[in-house]
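Descriptive analysis of the structure
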Amino acid sequence: AQGEASCIVGGREEEAAVDAAMRFAVANGLHPGRIGGGHNGYRAALPFTNGPESSEGVFRINSGSSGSLMPNLMLTGGHGACAHLAPLLQAAFPDARLSRADAALDWSQEGLFDDLLAMARRIARGNRKMGGVRTIESETGRTFYLGSRTSTVSLRVYEKDRERAAKGVIDEADIDPDLIRIEFTFRPQSKSKAGMMGLS
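Quick summary incoming for the structure in this document. (Residues numbered from 1 in each chain as written. Predicted model: local features only at pLDDT ≥ 70, side-chain atom pairs only at ≥ 80, totals over all residues. Heavy atoms only, no water.)

Of all hydrophobic cores here, the largest spans 18 residues; its most connected members are Leu-30, Phe-48, Phe-59, Leu-73 and Phe-93. Counting residues per element, the ones that place at least two in this core are α1 (12-27), β3 (42-49), β4 (57-65) and α2 (81-92). Top contributing element to this core by residue count: α1, with four residues. (Core = buried A, V, L, I, M, F, W, Y, C linked by side-chain atoms within 4.5 Å. Buried < 20%, exposed > 50% of the residue type's maximum accessible area, 1.4 Å probe, protein only. Helix = DSSP H or I, 4+ residues; strand = E, 2+ residues; numbered from the N terminus.)

Written out as structure tokens, the structure reads:
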């Protein structure tokens, strides 16, 4: 959202920010869905999809903050929508503050999960602030984490196709056992949120 980080909920500044976000969505061919509950202390959310027949949300406006924060814009689109829309969103809202960004890469290579796990353990041993490497093995496959959920940057690596098969998205026979997802999460601290919004 534009302007200061806080506003009067229901006031002119919040209304103008929601209107600007709606205009951004319409100008970029997005289609509104049904208003529902918001996230992270916001009372309401309006999701947008790529098309009238699509069910996958690519953009969301959260408003009505219980803490009097400006509206929150979430760019959630997969299948390339985020890569296309992110620079447009940055240009449309140059005064916005970034609270979180996730960047993921899917890659298939034999032994890559084990190689990355070994590398993460070396990094963790050399930097105590990062915390240890946490590993999980379950029916959804193997996962490891480096950095805590409150860290400015954290890493999650997991066996993507095994997870998809466990959730019924693909058949067991179609699993690529070497396909992994490498996922970074960036949560800038307050003083860095404005600067982080300008990064690619």
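Before going further, it helps to examine the sheet that holds strand β8 (residues 141-146). Here five strands make up an open sheet; going across it, the order is β6-β10-β9-β8-β7 and the pairing antiparallel. Unpaired on one side and paired on the other, β6 (101-108) and β7 (133-138) mark the two borders of the sheet. Taking each pair of neighbouring strands and ignoring which way they run, the sheet shows an average axis angle of 15°. With respect to the sheet, helix α3 (residues 112-126) is in contact with β6, β7, β8, β9 (153-159) and β10 (179-186), its orientation differing from that of β8 by roughly 25°. (Pairing = 2+ DSSP bridges. Axes fitted to C-alpha atoms, helices over the stretch in contact; angles between N-to-C directions. Contact = heavy atoms within 4.5 Å.)

Position of Ile-175 among the secondary structure elements: in the loop between α4 (160-166) and β10. What makes Ile-175 buried here is its relative accessible area of 17%. In the structure, Ile-175 is positioned 15 residues away from Lys-160 in sequence and 9.0 Å away in space, judged by C-alpha atoms. When near neighbours in sequence (up to four residues on either side) are disregarded, Ile-175 contacts Asp-161, Arg-162, Ala-165 and Ile-170.

Now for α2. Compared with an ideal rise of 1.5 Å per residue, which puts twelve residues at 16 Å, α2 spans 16 Å between its outermost C-alpha atoms and is within 8% of the ideal. The inward-facing, buried residues of α2 abut α1, β4 and β5 (72-75). (Expected span 1.5 Å × (residues − 1).)

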